[in-house]
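# Structure assessment
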Amino acid sequence: MQLIQQTPDLSAYLAADEVIDHHPLVRETAARLADGVDDSYGYARAAFEFVRDTIPHSQDSGDPRVTWRASDVLEQRTGICYAKAHALAALLRAEDIPTALCYQKFDEVHGLVAVRFNGAWHRQDPRGNKPGVDAQFSLDGERLAFTPDRASNELDYPVLYAAPHPVVLNVLTAARDRPHLWQTLPTAL
């Protein structure tokens, strides 16, 4: 699949905003993760594994809180796929690694990120592993949590967004709690 930048300006994929924020907690976490790694690739892997492994997916853990801002995800240590993607994007952008938000469609829309290395985008899924899910950081072929089944009308959206898709952000910010969020998850972009 050919990934398509929503905007040709690569600097948009380095920007901070209200969601992918560079709050002091994001900066401190990024500095801690960068300490002791050899290069930006090593940092990207460390940030991915940190988000994937130390921030539980709230559906898996049963946490009712809904987070959407990167710093809140890091502080509260919970989030669904979208929120975890926002946190990873903020950590990567804090270290000048171009990072996009991207999505897949299953019964609901699933969120992940794409990082730019060696002139190409590489999708990564920090959702969190569990039985049947084994997402890994990779620049040599995708190792995502889920693979769409075209026969079931599942798909990979090819667009790489600099900011969260409005449909996703609206659902996150309107949710009272995770059970309410689960009833309102978007089924398409």
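Provided above is the structure to which this section pertains.
In short, a report on the structure.

## Focus on the sheet that holds strand β3 (residues 109–117)
- The strand order across the open sheet built from four strands is β4-β3-β2-β5, with neighbouring strands paired in antiparallel fashion. Edge positions in the sheet fall to β4 (120–124) and β5 (155–156), since each has one partner strand and no second.
- Bridge count for strand β2 (residues 99–105) against β3 is seven bridges, and the pairing is antiparallel. Its bridge partner lying in β3, Y103 is registered against G111.

## Looking at the pairing of β3
- Counted residue by residue, β3 has eight buried out of nine residues, so it is predominantly covered.
- Between β2 and β3, which follow one another and run antiparallel, lie three residues.
- Here β3 pairs with β4 via five bridges, running antiparallel. Residue pairing across strands places V115 opposite H122, the latter belonging to β4.
- Following β3, the chain reverses through two residues before pairing antiparallel with β4; N118 in that reversal takes a positive phi of roughly 55°.

Cut-offs and rules
- Residues numbered from 1 in each chain as written.
- Predicted model: local features only at pLDDT ≥ 70, side-chain atom pairs only at ≥ 80, totals over all residues.
- Heavy atoms only, no water.
- Pairing = 2+ DSSP bridges.
- Helix = DSSP H or I, 4+ residues; strand = E, 2+ residues; numbered from the N terminus.
- Buried < 20%, exposed > 50% of the residue type's maximum accessible area, 1.4 Å probe, protein only.

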